[in-house]
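Chain residues, written in single-letter form:
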Amino acid sequence: MPTAKVSNLATDVQPRRRRFVITARAAASFDPLGRSVAAARAFVRDTLQGWGFADIVDDAVVLTSELVTNAVVHAGTRAEVLCLRTEGGVRVEVADRYPERDLPLRHPDERPYADPDSENGRGLMLCAALATRWGVEYTATHKHVWFRLDLPDRPVGTRSAGPVVPDRMLPLADSRVRVAVLQIDAADTISAWNEDAEHIFGYPAEKALGRPLAELAAWPQTPGTGTGIAEALRLSRWEGSYGVRGSDGRVIPVYASHLRVRDAHGEPSTVCLLVHDDERALLQSPVRVPTDSGHFTEPRPADPFEVFIGSPAPDDLDGLLQRTVERARDLLDADAAFLLLATDDETELEVRATTGLPSTRQRFARVPVEAGTNRYGSARMPAVHDDLTAVPGAVPLLEATGMRSAVTVPLKVEGRLTGSLGVAAETPGRYSNEEALHLQFAADRIALAVESARLGELERLRRGSLSFLVEASDLLAGTLDRDQTLALMAQMTVPTLATWCAVYTIADQSSDPYLSYVLHEDEERIDGLKALLSRVSPPDPVREAGARPWTEATLAVGGETVVLPLLARNRVIGMLTLGKPREERFRQEILELAEDLSRRAALALDNARLYSERTAISRSLQRSLLPPGSPAIPGMEVEVIYRAAGEGNEVGGDFYDVFPIRDGAYGFAIGDVCGTGPEAAAVTGLARHALRLLAREGLGGPAVLERLNAAILDEGARSRFLTLLYGELHPQPDGGALMKVVCAGHPLPLRLRPNGQVDAAADPQPLLGVIEDLDLYEQTLTLDPGDVLLCVTDGVTERREGTRMLGDDGLAEVLTTCTGLTAGAVASRVLRAVERFAAEPASDDMAILAFRVPEQRTGD
């Protein structure tokens, strides 16, 4: 378990080149165990989020994961993690107790030290790629790897008072200025809703209070690519644009200012001020700079980009693209507008933003760039389409939308195609070359900003994907249970990668795929989805890597459906099926991430299968070593309790047996082979079967044990010494029982009299498997009605807690309390006494064998 400590301080430390001020520190130590890696990630994540460093949490977690893995897994030592908060970022140090280092002696043509395909060295490669600064320091007993992550530069919010300005420069507003005031409690639900909010959005207070804001907000960011609504509500201040779904279903664009507060009881909440998006100046005024004479200057000439987009521009890609299509539609008084972004190789365009179209269902859909049927042939040059019905498929995005005319222009950066912007109208012949020039001018103004935002999104996706795969690998490696592995596969994909998921498994190459697990983000739809998929033939188990469409499921379920093969050890062991609803499409980046996940999941699933098969074989073999059952002995009560030590073991080094020898005679044995586990179980099987065979040959107890001793010695180096109590039981007509026993190195059997007296029922003799010539002898005893004979292995008598041991005397004391109990009750009471003797689970096998002669009942 990790140990941690956190402290706040203000002190100067001197790193290698410059000084920085530490404002807080947090430290934790982690044992050299596999689960410590996940614990270290959670420690760093919680620490940085508590410090408000959400922007650099993912990078810090990924780097810490790799470095702690090097310490606790590869180096096998305890890892110590130290987080230092500074004004500009964080420094994280990971120390282990493996200070050895290799000298950099290699030929220039040889392989470099760090290889992305090797198990070690990747932590330093990631430090070099992600960290602002990093380094390695050695001492005589420790090695320290440290990295520093700086917070990204962002404008700091300020309060300012505006000067007196001419009336013409004041912002426009309705005759009745309305500002919706919402308060969001700690559970992200609406706790206050004023009259202006009712007017703007159409919901009365009783319909809005208690609902999560996320149900009403049409948040512009794609999950995982920027600040989401949950993150925004946790920030101390936030300002920007998003949409709110009104009572009539329309999305109302708003401009919002969020302020995080806490009440008199210290409970946090967020106050949200919202106005119509075109009235944002009510919440945000432009800054005017005073001149040397003290007069305020007129606003600077507007930048062409800000003229088109508006100021301030959205700082995320989705917000920027949505603002772009809305401005493009307004610019040409169009009925609809759309924007597509090009893939890296410029061969396809991906739908990223639309307005005025029923095309949200086509978000992230892709179309080829080059000319041809159903290909977007007007991407690289401006194009005016007078009548789309005359050229079907010229703009695939507008098929079946009712749009008749359109104009499209390319977005280019340094001559490279980065996207396409278009507007459309419901009437033909609406646009001319002049409108195309206007739209191209606007596209040229925004192309660079769009490309910059797109690259930023791709970088965030890459880092988020890396963090996701690290967490997924850790979860999958943490179980060898097949059903749990299937559940983890589905839970990691839904809803992060897909709306629903189905996993098909293949038992062997001659078997058909079997629907093993189904999950939907809406739990109420799981049964219906399972029923639909059961009526569709399973997808073909194709070995081809990557996602491929599954047409049959698409037709049955609706929406886009893809299949990824689960390949492990050069064979297909199943298929991972992912689905989206009709209004959505899979992004290529998501499919690539799903492919990476499927490779890891396939190996984990195959490992779970192999483990299950081997466990089943092991248990089957172990069960074959257990006696088939105890025979019913006339006039006797017999009870056996057996506990094998070790997870998954049914048989260990202790064994027992009760079996018929001939009419009126029964053999019994209880023994303990040196050690535990499979090796001891093998000798257990030899001893139990040999005892039955030899006893039924008519040999007496000493002869049986002498021949068993020779058989054990014949095993040579594999032999193990054995303690054994063997006896013959002869029920008597008068209700008693005659017993002949040989105790070869085993704990002595104890006899309990009806008056509570306990005494040893045999003498100790040499154990088996050590010397060849044994001089064993048989002892005879009689059990009278009410007598109990208790036989145990040393797992009972040697039960320990610290320096205390139950011992023979402790067992005798327990047995004295069993007067009048049945054989089953005696065995159960002994077991409870052994279990309660120590808090820790037993580490040795235990066997308890109890015989009792029932007391004869007298007639009335």
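Things to note about the sheet that holds strand β15 (residues 366-368)
Overall, antiparallel pairing links the six strands, which are arranged β15-β14-β13-β18-β17-β16 in an open sheet. On the outer flanks of this sheet lie β15 and β16 (383-385), each paired with one strand and no other. This sheet shows a mean twist of 25 degrees between the axes of neighbouring strands, independent of strand direction. Two elements, strand β17 (residues 405-413) and strand β18 (residues 416-425), share nine bridges in a ladder whose sense is antiparallel. Bridge assignment links V409 to a residue of β18, and that residue is L421. Across the face of the sheet, helix α9 (residues 317-331) comes into contact with β13 (336-342), β14 (348-355) and β18 while running at roughly 70 degrees to β14. Its contacts with the sheet place helix α10 (residues 433-477) against β13, β14, β16, β17 and β18, and it is angled at close to 45 degrees to β17.

Some remarks on the packing of α9 against α10
One can describe the packing of α9 onto α10 by two numbers: an axis separation of 9 Å at closest approach and a directional angle of 170 degrees. Between α9 and α10, the crossing angle belongs to the class labelled roughly antiparallel. On the side of α9, the interface is formed by L317, D318, L320, L321, T324, A328 and L331, while α10 contributes H438, L439, A442, I446, A449, V450, A453, R454 and E457. Of the residues belonging to the contact of α9 with α10, the class tally is eleven nonpolar, two polar and three charged.

Some remarks on the sheet that holds strand β32 (residues 788-792)
Taken in spatial order, the five strands line up as β24-β35-β32-β29-β30 in an open sheet, and their pairing is antiparallel. On the outer flanks of this sheet lie β24 (637-643) and β30 (758-760), each paired with one strand and no other. Sheet twist, expressed as the average angle between the axes of neighbouring strands with direction ignored, equals 20 degrees. Bridging between β32 and strand β35 (residues 846-852) involves five bridges; their strand directions are antiparallel. Pairing of V788 across the sheet is with R852, part of β35. Its contacts with the sheet put helix α18 (residues 807-816) on β29 (750-752), β30 and β32, and the angle it makes with β29 is roughly 20 degrees. Against the sheet, helix α19 (residues 823-837) touches β24, β32 and β35, its axis set at about 25 degrees to β24.

Cut-offs and rules
- Residues numbered from 1 in each chain as written.
- Predicted model: local features only at pLDDT ≥ 70, side-chain atom pairs only at ≥ 80, totals over all residues.
- Heavy atoms only, no water.
- Pairing = 2+ DSSP bridges.
- Helix = DSSP H or I, 4+ residues; strand = E, 2+ residues; numbered from the N terminus.
- Axes fitted to C-alpha atoms, helices over the stretch in contact; angles between N-to-C directions.
- Contact = heavy atoms within 4.5 Å.
- Parallel < 35°, antiparallel > 145°, perpendicular 65-115°, else oblique.
- Nonpolar A, V, L, I, M, F, W, Y, C, P; charged D, E, K, R; others polar.

By themselves, these figures tell us nothing about what the structure is for.
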